[in-house]
Amino acid sequence: MKDQLHQLFEKNFGYTPQYEFFAPGRVNLIGEHIDYNGGLVMPCAITMGTWLCVGKTDENVIRFRSLNFEEQIEIPLQNSFSKTGSEWFNYPLGVINELQKAYDWQWGGLDLLYHGNIPIGSGLSSSASIEVVTAFALNQIYDLGIDRLSLVKHCKKVENEFIGVNSGIMDQFAVAFGEKDTAIVLNCDTLKHKLIACNLGDYSLAIINTNKHRTLADSKYNERVQECQKALQCLQQEININNLCELSAEKFALHQHLIEDEILLKRATHVIKENDRVISAAKLLSEGNLNSFGKLMYASHQSLKELYEVSGKELDTVVEFCNGYEHVIGARMTGAGFGGCAIALLKKGFEEDFAKHLSDYYVNKIGYYATIYVEQIGAGPTTLRTI
Ligand code: GLA
C-alpha cells in the first residue's frame, strides 16, 4: 500500500513525499452510546485505516487530495479556516485549524495525499482515522510535542466544533491508543484506560457492513445526545450526578420515577445497563470466557434496538442471522448505528460458509448485499517513512 501511495503522490504532485503515516479505524466491542454519558466503552483498533503521504513546500498553500474521493482543494495559508461544504477534506482542514489555534508553530505549504480502506460512513470511524492521522502527522512534522491524549482531545474538538457532530471521545481515543490484539477499556469520564489482551482463541472478529450508508451529521445521533442530557436533568432534581453512567442499575431503579417521559426513560435505561454490561464484559474477556461475552453482545444489540432505537432493519437482519447461525457466539451493531456495521465472533474455519449463508439471507430480506470482512485487531498510528 505505502509504495503505491508514494508513487501516486509523485504522479500527483511531481516530487517525492517526505513523510508517510498510517492511522487505523476501530470497532467497539461493547459499550455503545456510552462515551458521551461518561461511562465505560471497549473499543479496539482494526488493521483497516488511513494512509497519508505528506510533502512540505515553499508555496503558501495547502493541497488536499485523496484516492478515495474526486474532490480536491487548494487553500492558501491563513490564520484560521472554516468548514467548506460537507466534503471529506473538512476533517483534515479542521485538524489544521485546531492545531494552529492551539499551538504557535512556524509552518509553510503542505501537500497531503490520503488513502483509506475503511468503508466510509460504515461506523468504523473513517473520520476519526483521518483526523488522527493528520494530527499525528503534523505533530511529528512540526515537532509540536503534543502528547497522545491531547491529540485525541483536539481531534474530538474538530468533530464537535468544526464538523458539528456532538460525538464523544471513543473513536479518536481508540484510533490513537489502539494496540495489536488488545481491547481498550476506557472510562470516558476520567479518560483513564486499561488494556485487555483480546485473545479470541478459536474465534475471529467478523465485521459485516450492511452497506446502508449514513453519516453522523445526518443521523439522529445529536438527538440521542440531547435526550440523554434531558434524562440526566430529570435525575439531577434529586441526585447529585454529572453523568448518567454514575448510576448503577440498582441505584437507577430507585430514582427512575423522576424521568416521566417514556422515551427518555428508555434511553437512560439503555445507557445505565449497557455501562454495567461493559464492566461484566471486561471481566469475561480477561478470563477468556468468550461464550458469556458473546451473550452480552447480543444483549447490547437488543437494547440498542429496542430502548435506544439506533439499529434498523439492516443491522437487525445481520444480528438475527448470526443468532441462528451455530458458529457465531455473539453479534451486535457497532458504532453509532442507523446502518453501518455489525460485528460477530465467528468460529475460525467457517468464514466462507458464514459469508455465503449470510449473503443469501441478507439479500433476500434487504434487496442488496452486505460485505463481510474478517479483521485483525491492529495498532494505533505509526510513522511509515520520513526522509
Ligand atoms: C459514534 C461516535 C462515538 C460514539 C459512538 C456510539 O461512533 O463518534 O463518539 O458515541 O457513535 O457509541
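Relevant structure appears above.
Residues numbered from 1 in each chain as written. Predicted model: local features only at pLDDT ≥ 70, side-chain atom pairs only at ≥ 80, totals over all residues. Heavy atoms only, no water.

Participant: Account for the state of the cysteines, with residues named and values stated.
Facilitator: Inspection of every chain in the model, using the stated rule, returns 0 disulfides. With no disulfide of its own, Cys 322 has Cys 341 as its nearest cysteine by sulfur position, at a separation of 12 Å. (Disulfide = S-S within 2.5 Å.)

Participant: Before we move on, can you summarise the side chain of Asn 160 with the specific residues and values?
Facilitator: Along the chain, the position of Asn 160 falls in helix H4 (residues 148-163). At a separation of 2.8 Å, a polar atom in the side chain of Asn 160 contacts the main-chain carbonyl oxygen of Val 165. When near neighbours in sequence (up to four residues on either side) are disregarded, Asn 160 contacts Val 165, Asn 166 and Ser 167. (Helix = DSSP H or I, 4+ residues; strand = E, 2+ residues; numbered from the N terminus. Polar contact = N/O pair within 3.5 Å; in protein donor to acceptor, adjacent residues only side chain to side chain. Contact = heavy atoms within 4.5 Å.)

Participant: Run through the site of the ligand, naming residues and quoting values.
Facilitator: For the ligand, the set of nearby residues contains 13 residues, the closest of which are Glu 32, His 33, Asp 35, Asp 171 and Tyr 221. Asp 171 is positioned such that a nitrogen or oxygen atom in its side chain is 2.6 Å from an oxygen atom of the ligand. Contact between the ligand and Tyr 221: an oxygen atom at 2.6 Å from a side-chain N or O atom of the residue. Contact with the protein chains removes 97% of the 300 Å² of surface that the ligand exposes when unbound. Looking at the shell around the ligand residue by residue, the class counts come to 5 nonpolar, 4 polar and 4 charged. (Near = heavy atom within 4 Å. Areas by Shrake-Rupley, 256 points an atom, 1.4 Å probe, with all protein chains shown as cover. Nonpolar A, V, L, I, M, F, W, Y, C, P; charged D, E, K, R; others polar.)

Participant: I'd like to hear about the packing of helix H8 (residues 262-287) against helix H9 (residues 290-306), residue by residue, with values.
Facilitator: If you want to describe how two helices pack, look at the angle between their axes and the distance between the axes. Running from amino to carboxyl end, H8 crosses H9 at an angle of 170 degrees, the nearest separation of the two axes being 10 Å. Taken together, the axis directions place H8 and H9 in an arrangement best described as roughly antiparallel. Every pair of crossing elements has a handedness; the one defined by H8 and H9 is left-handed. Counted together, Lys 266, His 270, Glu 274, Arg 277, Ser 280, Ala 281, Leu 284 and Leu 285 of H8 and Leu 290, Ser 292, Phe 293, Leu 296, Ala 299, Ser 300, Ser 303, Leu 304 and Glu 306 of H9 form the full contact between these two elements. (Axes fitted to C-alpha atoms, helices over the stretch in contact; angles between N-to-C directions. Parallel < 35°, antiparallel > 145°, perpendicular 65-115°, else oblique. Left-handed = near helix turned anticlockwise from the far one by under 90°.)

Participant: Break down the pairing of strand S6 (residues 109-116) for me, with residues and values.
Facilitator: The buried count for S6 comes to 8 of 8 residues, which makes it a mostly enclosed element. The two faces of S6 match: Gly 109, Asp 111, Leu 113 and His 115 on one face and Leu 110, Leu 112, Tyr 114 and Gly 116 on the other face are all buried. Relative to S6, strand S3 (residues 43-57) runs antiparallel, the two being bridged by 8 bridges. When the bridges of S6 are listed, Lys 56 appears paired with Leu 110. For strand S4 (residues 61-66) and S6, the ladder comprises 5 bridges, and the chain directions are parallel. Looking at the pairing, Arg 63 lines up with Asp 111 of S6. (Buried < 20%, exposed > 50% of the residue type's maximum accessible area, 1.4 Å probe, protein only. Pairing = 2+ DSSP bridges.)

Participant: Lay out the nonpolar core with the relevant residues and their values.
Facilitator: Among the nonpolar cores identified, the biggest contains 98 residues, and Phe 64, Leu 112, Leu 235, Val 328 and Phe 354 are the most heavily contacted of them. The greatest single-element share of this core, amounting to 9 residues, is contributed by helix H3 (residues 126-141). Ile 118, Tyr 203, Ala 282 and Phe 293 belong to the second largest nonpolar core, which has 32 residues in total. (Core = buried A, V, L, I, M, F, W, Y, C linked by side-chain atoms within 4.5 Å.)

Participant: Can you lay out the sheet that holds strand S13 (residues 382-386) for me, pointing to particular residues and giving the numbers?
Facilitator: The strand order S5-S4-S6-S3-S1-S13 describes an open sheet built from 6 strands, whose pairing is mixed. What marks the edges here is a single partner per strand, and that holds for strand S5 (73-76) and S13. Sheet twist, expressed as the mean angle between neighbouring strand axes with direction ignored, is 20 degrees. The pairing of strand S1 (residues 19-28) with S3 spans 9 bridges and is antiparallel. Each bridged residue has a counterpart across the sheet, and for Val 27 the counterpart in S3 is Cys 44. Each of S4, S5 and S6 touches helix H2 (residues 90-102); the most contacted strand, S4, lies at about 145 degrees to it. Its contacts with the sheet put H3 on S1, S3, S6 and S13, and the angle it makes with S1 is roughly 145 degrees.

Participant: Give a detailed account of helix H11 (residues 351-366), specifying residues and quantitative values.
Facilitator: In this model, H11 (16 residues) spans 21 Å end to end at C-alpha, consistent with the 22 Å of a helix rising 1.5 Å per residue. Restricting attention to buried positions, one finds in H11 the residues Phe 354, Leu 358, Ser 359, Tyr 362 and Ile 366. All buried residues of H11 fall inside an arc of 125 degrees around its axis, so they share one side. Within H11, the exposed residues directed more than 90 degrees away from the buried face are Glu 352 and Asn 364. On the buried face of H11, the contacting elements are strand S9 (203-209), helix H10 (313-324), strand S10 (328-333), strand S11 (341-347) and strand S12 (371-375). Backbone geometry just after H11 places Gly 367 at a positive phi near 100 degrees. (Expected span 1.5 Å × (residues − 1). Arc of directions from axis to C-beta.)

Participant: Could you give an account of the pairing of S9, with specific residues and numbers?
Facilitator: Two faces make up the sheet, and in a regular strand the side chains alternate between them. Taking burial as the measure, the 7 residues of S9 include 7 buried ones, the bulk of the element. Neither face of S9 is open: one carries Tyr 203, Leu 205, Ile 207 and Asn 209, the other Ser 204, Ala 206 and Ile 208, and all of them are buried. Here S9 runs beside S11; their pairing, made up of 7 bridges, is antiparallel. Within the sheet, the bridge partner assigned to Leu 205 lies in S11 and is Leu 345. Strand direction decides the pairing type here: S9 and S12, joined by 5 bridges, are antiparallel.

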